[in-house]
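Analysis of the macromolecular model
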Amino acid sequence: MAVFARAPGLPRVAWARGVEVVDTDGRRYLDASGGAVVVGVGHGVEEVVEAAAAQARRVAYVHGTAFGSDVLEEYAAELAPLLPLDDPAVYPVSGGSEAVETALKMARAYHLARGEDRWVVVGREHSYHGNSRGALDVSGRAALRAPYLPWLGPAVHTSTPQEYRCGFDTHPHGCGLRHAERLEQTIADAGPERVAAFVAEPVAGAGLAACVPPEDYWPAVVEVCRRHGVLVVADEVMTGFGRTGRWFASEHFGMRPDLLTAGKGAASGYWPLGLAVASGEVHETIGDGGLVHGFTYSHHAVGAATGLAVLRRLRDHGLVGAAEERGAQLAGLLRERLGDHPWVGDVRGAGLLVGVELVEDRGSRTPFPRSRRVTEQLLAAAKELGLLLYPAAGCADGSRGDAVLLGPPLVISAAEVEQVVERLVAALDVLADRLRAAGPG
Ligand SMILES: Cc1ncc(COP(=O)(O)O)c(C=O)c1O
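Let me sum up the structure you'll find in this document. (Residues numbered from 1 in each chain as written. Predicted model: local features only at pLDDT ≥ 70, side-chain atom pairs only at ≥ 80, totals over all residues. Heavy atoms only, no water.)

1. Details of the pattern of salt bridges
The full count for this structure, using the stated rule, is 30 salt bridges. A salt bridge links glutamate 47 to arginine 313; the shortest N-O distance between them is 2.8 Å. Taken together, the positions of glutamate 47 in helix α2 (residues 46–58) and arginine 313 in helix α10 (residues 301–316) put the pair 266 residues apart, joining distant regions of the chain. A network of salt bridges, in which partner residues are shared, links Glu74, Glu78, Arg312, Arg315 and Asp316. (Salt bridge = Lys/Arg side-chain N within 4 Å of Asp/Glu carboxyl O. Helix = DSSP H or I, 4+ residues; strand = E, 2+ residues; numbered from the N terminus.)

Written out as structure tokens, the structure reads:
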């Protein structure tokens, strides 16, 4: 029996602590992406491991329709004041895609409970919300959707802010309002009485490498949604739990969504935990037990214990503020060291979610041809130099557009931030040598 591996020829991981991962050959890597922007509290935190183990010893599993648990109630109570929703109700699942699927069903259930048969979901171009079919349908990333198009359904997609590549003739003025007009048109085309929800990341993660929308964007799109009775779903799977220097990225814009999804940083990789959160109004309208839905591993007590330990660690060690501070240092150093680099088009982001976009020509912002596989080559060069990054290829037009995402554990020190930047600069030098040696693409 073989492992159906995600990629060929992978090194085997041995152990990890803090911001460092070590493989079985003893090679050390600085984890500048926290895996897939997952690890917030750092690798190897004993108290989180202990909290999970202690709960598993008490009771590892009961079904969510048979028992509640004190630990889940405690987790929900400590999480509630940190969430950007009024009177929130938390539905814990096993990851981001499940959280998105759950939120979509909550949106439909809410409208049905009000006697409205709404089902169309509006997503955004270039977005990523998960690989299960409902979540992929909402996602706009063409390359991920392509093999499964016959299976994808009724979601429609609207424009997304991408300030570096903004096509509006009034740019940089009023871009948020123009996107809101596009959203309103998309809703009108779909038939406003059919549209259930608008799903978007407050700050775009993997699809666009940390694009921060202009300030006028969120107030304008929320207003459009409210006017048409469309629920606002903030996908905070990547941005939640301190990543952007706020507990949730919605806070940067004063945004109060109706539904919110989280995952990744919620349990920092110590447990596969995702969360779908409904506002009090949505929850009350659906009612406890009113959602036709469920997973074997939802409402898991070990997941709640792990999430609670991670939450307390983030809070008690001031890691949300640290993300803001170290993120400013990281973005500042990258701009300082790479600001004149002929291929670095843009450095952007919020907190410790930072994107670096590479272009063939800075003046015209022309992306490299996809055939040159620049993102993949940079990732490989960085890994050889002991630096782990996360890819965000396709950010220009769905196919072309090379970018990497940095999202290290929030415990990263100032000295480690400097090392990350040094290694990224060195990796870009290696990449330049390799591209020159390969000749024009
Ligand atoms: C914004 C966003 N939503 C949803 C998901 C899906 O999460 P998962 O891979 O845990 O299913 C991801 C994963 O990268 C994500 O970035």
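2. With respect to the sheet that holds strand β8 (residues 231–235)
The strand order across the open sheet formed by seven strands is β4-β10-β9-β8-β7-β5-β6, and the pairing between neighbours is mixed. One side of each edge strand has no neighbouring strand; the edge strands of this open sheet are β4 (89–93) and β6 (156–158). Averaged over all pairs of adjacent strands, the angle between strand axes in this sheet comes to 20°, irrespective of strand direction. Of the strand pairs in this sheet, strand β5 (residues 120–124) and strand β7 (residues 195–200) are connected by three bridges, and their pairing is parallel. (Pairing = 2+ DSSP bridges. Axes fitted to C-alpha atoms, helices over the stretch in contact; angles between N-to-C directions.)

3. Some thoughts on the nonpolar core
If you look at the biggest cluster of nonpolar residues, it comprises 68 residues, and the most contacted ones within it are Tyr75, Phe241, Leu334 and Leu406. For this core, the element with the highest residue contribution is helix α13 (residues 414–438), accounting for ten residues. Residue contributions to this core reach at least three from each of two domains, namely domain 1 (13–44 + 318–438) and domain 2 (46–316). Apart from the residues within four sequence positions on either side, phenylalanine 241 is in contact with Tyr75, Leu79, Trp247, Phe248, Ala262, Gly265, Ala266, Leu275, Leu314 and Leu410. Core analysis: the next-biggest nonpolar cluster, separate from the first, contains 36 residues, Phe198, Ala210, Trp218 and Cys395 among them. (Core = buried A, V, L, I, M, F, W, Y, C linked by side-chain atoms within 4.5 Å. Buried < 20%, exposed > 50% of the residue type's maximum accessible area, 1.4 Å probe, protein only. Domains from an automatic or database assignment. Contact = heavy atoms within 4.5 Å.)

4. A word on the pairing of strand β9 (residues 259–262)
Burial along β9 is two-sided: Leu259 and Thr261 and Leu260 and Ala262, pointing in opposite directions, are all buried. Sheet topology note: the β8/β9 ladder contains three bridges and is parallel. Paired with alanine 234 across the two strands is leucine 260, which belongs to β9. Alignment of β9 against strand β10 (residues 274–278), held across four bridges, turns out to be antiparallel. Of the residues in β10, the one forming a bridge with threonine 261 is alanine 276.

5. What to know about the environment of glutamate 73
Note on placement: glutamate 73 falls in helix α3 (residues 70–79). Exposure remark for glutamate 73: the relative accessible area of 57% places this residue in the exposed category. Glutamate 73 sits 231 residues away from alanine 304 along the chain, and the two C-alpha atoms are 8.7 Å apart.

6. Details of the pairing of strand β11 (residues 344–350)
Burial runs high along β11: five of the seven residues are buried. Direction of pairing for β11 relative to strand β12 (residues 353–358): antiparallel, over a ladder of six bridges. Residue alanine 350 lies in a different strand from β12, and its bridge partner there is leucine 353. Where β11 folds back onto β12 in an antiparallel hairpin, the turn is made up of two residues, including glycine 351, whose phi is positive at roughly 55°.

By themselves, these figures tell us nothing about what the structure is for.
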